[in-house]
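Notes for the structure review
Now for the letters of each chain:
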Amino acid sequence: MNEVKTILAFDTSCDDTSVSLVRGETILVNVIASQVELHKKFGGVFPTVAKQAHLENIEPSLLLALKRTGLTLEDVDAVAVTVGPGLAPSLEIGLTFAKNLAKKLKKPFIAVNHIEGHLLSPLAKRQTRKIIEAKASKKTHQKKVKFPVLGLVISGGHSDFVLIKNFGEYVRLGFTIDDAAGECLDKIGRMIGLGYPAGPVIEEFAKLGDAKKYEFPLPMTESRDYNLSFSGMKTFARNLISKIEQEAQEQGKIGLDKQTIYDLCASAQYGVFRHIMHKLDKILAKENIKEIWLGGGVAANQTLRKLLRFKANQHGLVFKAPYSKKLCADNAAMIGVVAAKKLERGEVIIGPRAIAKVDRQPRWHVGEELK
Ligand code: KG4
Ligand code: ZN
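Report on the accompanying structure. (Residues numbered from 1 in each chain as written. Chains lettered and ligands numbered in written order. Predicted model: local features only at pLDDT ≥ 70, side-chain atom pairs only at ≥ 80, totals over all residues. Heavy atoms only, no water.)

Bringing the overall build of the protein into the picture now. The helix and strand tally for the protein stands at 13 helices and 11 strands. The C-alpha radius of gyration computed for the protein amounts to 21 Å, which stays within 12% of the reference 21 Å derived for 371 residues, consistent with globular compactness. Overall, the protein is about 70 × 45 × 40 Å in size when its C-alpha atoms are taken along their principal axes. A buried classification covers 51% of the 371 residues belonging to the protein. Contacts spanning at least 24 positions in sequence make up 74% of the contacts within the protein whose residues lie at least 6 apart. By element, 52% of the accessible surface of the protein is carried by carbon and sulfur atoms, the whole surface being about 17,700 Å². (Helix = DSSP H or I, 4+ residues; strand = E, 2+ residues; numbered from the N terminus. Rg over C-alpha atoms; globule rule 2.2 N^0.38 Å. Buried < 20%, exposed > 50% of the residue type's maximum accessible area, 1.4 Å probe, protein only. Contact = heavy atoms within 4.5 Å. Areas by Shrake-Rupley, 256 points an atom, 1.4 Å probe, with all protein chains shown as cover.)

Right, let's get into the packing of helix 7 (residues 199–206) against helix 9 (residues 258–286). It is the contact of helix 7 with helix 9, at a shortest axis distance of 8 Å, that shows an interaxial angle of 110 degrees. On the basis of the axis angle, helix 7 is roughly perpendicular to helix 9. Of the residues in helix 9, those in contact with Ile202, Glu203, Phe205 and Ala206 of helix 7 are Ile261, Tyr262, Cys265, Ala266 and Gln269. Here the contact of helix 7 with helix 9 is built from residues that sort into seven nonpolar, one polar and one charged. (Axes fitted to C-alpha atoms, helices over the stretch in contact; angles between N-to-C directions. Parallel < 35°, antiparallel > 145°, perpendicular 65-115°, else oblique. Nonpolar A, V, L, I, M, F, W, Y, C, P; charged D, E, K, R; others polar.)

Surveying the vicinity of ligand 1 reveals 19 residues, the closest of which are Gly156, Gly157, Asp186, Glu203 and Asn301. A distance of 2.8 Å separates an oxygen atom of ligand 1 from a polar atom in the backbone of Gly156. Measuring from an oxygen atom of ligand 1, one finds a side-chain N or O atom of Asp186 at 2.7 Å. When the free accessible area of ligand 1 is taken as 550 Å², the share hidden by the protein chains comes to 87%. The leading source of residues in the shell around ligand 1 is helix 6 (residues 181–192), at four residues. (Near = heavy atom within 4 Å. Polar contact = N/O pair within 3.5 Å; in protein donor to acceptor, adjacent residues only side chain to side chain.)

For soluble globular proteins, the rule of thumb is that nonpolar side chains tend to be buried together. Among the nonpolar cores identified, the biggest contains 49 residues, and Leu152, Phe161, Ile192, Val272, Ile276 and Leu294 are the most heavily contacted of them. Looking at this core, the elements that each hand over two or more residues are strand 7 (149–154), strand 8 (159–166), helix 6, helix 8 (231–250), helix 9, strand 10 (291–295) and helix 10 (302–314). Here this core takes 11 residues from helix 9, the largest share from any one element. If sequence neighbours within four positions are ignored, Leu294 has contacts with Ser121, Pro122, Leu152, Ile154, Ala299, Leu304, Arg305, Leu308, Phe319, Lys320, Ala321 and Pro322. With 31 residues, the next largest nonpolar core counts Ile110, Ile115, Val149 and Tyr170 among its residues. (Core = buried A, V, L, I, M, F, W, Y, C linked by side-chain atoms within 4.5 Å.)

Now for the packing of helix 9 against helix 10. Running from N to C, helix 9 and helix 10 cross one another at 25 degrees; their axes reach a closest spacing of 11 Å. In terms of their interaxial angle, helix 9 and helix 10 are classed as roughly parallel. Considering how the two elements wind past one another, helix 9 and helix 10 form a crossing that is right-handed. Across the interface between the two elements, Gln269, Phe273, Met277, Leu280, Asp281 and Leu284 from helix 9 touch Thr303, Leu304, Leu307, Leu308 and Lys311 from helix 10. Of the residues contributing to the contact of helix 9 with helix 10, the split by class is seven nonpolar, two polar and two charged. (Left-handed = near helix turned anticlockwise from the far one by under 90°.)

Attention shifts here to the sheet that holds strand 5 (residues 109–113). Taken together, six strands build an open sheet; the order of strands is 5-4-1-2-3-6 and the sheet is mixed. At either margin of the open sheet sits one strand with a lone partner, and together these are strand 5 and strand 6 (125–126). Across the face of the sheet, helix 2 (residues 47–69) comes into contact with strand 1 (6–11), strand 2 (16–23) and strand 3 (26–34) while running at roughly 30 degrees to strand 2. (Pairing = 2+ DSSP bridges.)

Its location among the elements puts Ser90 in helix 3 (residues 88–105). Excluding residues that lie within four positions of it along the chain, Ser90 makes contacts with Thr12, Ser13, Cys14, Ala50, Lys51 and His54.

An ideal rise of 1.5 Å per residue puts 18 Å on 13 residues; helix 10 measures up with 18 Å between its terminal C-alpha atoms. Here helix 10 has its buried residues at Leu304, Arg305, Leu308, Lys311 and Ala312. Buried residues along helix 10 cover an arc of 130 degrees about the axis, so they all sit on one side. In helix 10, the exposed positions that point more than 90 degrees away from the buried face belong to Lys306, Phe310, Asn313 and Gln314. Tucked inside the fold, the buried residues of helix 10 contact strand 7, helix 9, strand 10, strand 11 (318–320) and helix 11 (325–328). For helix 10, the N-terminal capping position is held by Asn301, with its side-chain oxygen 2.9 Å away from the main-chain nitrogen of Thr303. Positive phi appears at Gly316, one or two residues downstream of helix 10, with a value of about 70 degrees. (Expected span 1.5 Å × (residues − 1). Arc of directions from axis to C-beta.)

Remember, this is a structural readout, not a statement about activity or role.
If you want it as structure tokens, here you go:
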């Protein structure tokens, strides 16, 4: 049996600088240098600020990853990096750094799609004693995946339904035609004054509120496709909040009271998830799906996980989601997991000239060939 290869992976697609070392699906380390504090004042990610921070953080993050594992660059068998989709200035930093490193180390280079990373993130495993022992006795601890899998990537930048026919074989079934689900929650949160990103706060406040208090519209019920749209919910929230504020003013009060904020959070979260579940029902009725996987920042939300687990159970399907919040957010470990599959299939780029030609692809859809 072949020795499992050690992959060094990078992700600088948006506002987090991440470096990871993986062996197959096993994560040795997953360093994330978050820029959330830097972007808070902008209420979103500011590309030039992100680029500068990636530039400053990438080498220290690599050194930290090596230190935490006790490995050196000599132990690395391949270098992987997110090539797209993402913010062009951010992608450039990780890509240039990884290309130079692969050339210097004379190791294969693996170009990874960020969305494929989120899609396979539920497969990532902690390095537990059981895994180490299974590897030593050359037993496989991995349960076989039953394809086709339906992958949901629900984040601040994306809301995609992807049919995973096999590793490396993807068909985008549906996507958001405007805002992403996380973006919608962040924008509504901003209207209520919750700061950025608002998703995690909305989850907490929703627990104290009434999800049926305000009925958010269910978009695109007539359309036959599997696409999503969240911009109408944002507009609904804006109008609703001004109406509530006006009514409060007429009663001599200022702003929104606590319970109203909790009810708004619960209702908005319910509205966003109801739309996703409605389209999911359509997919499950038509497509032959065996497993449901969830990835992306919003995958950290326990209510969404519960809804999906329940739905999967109803249909007799397996449900998988990442084992930690870190793996839901943008991170390099998920890029390493994809790279390990690509390495097994021989999808690597070798030699300085071929590596130099790889360019960032800010709009690279999963399932499309690398240009
Ligand atoms: O994947 P991610 O880190 O970055 C993107 O690629 O977008 O996702 C961040 C998004 C933000 O919109 C954030 O509000 C949302 O994920 N998010 C959550 C939760 N944690 C993060 N949304 C709802 N509930 C959460 N617990
Ligand atoms: Zn992402």
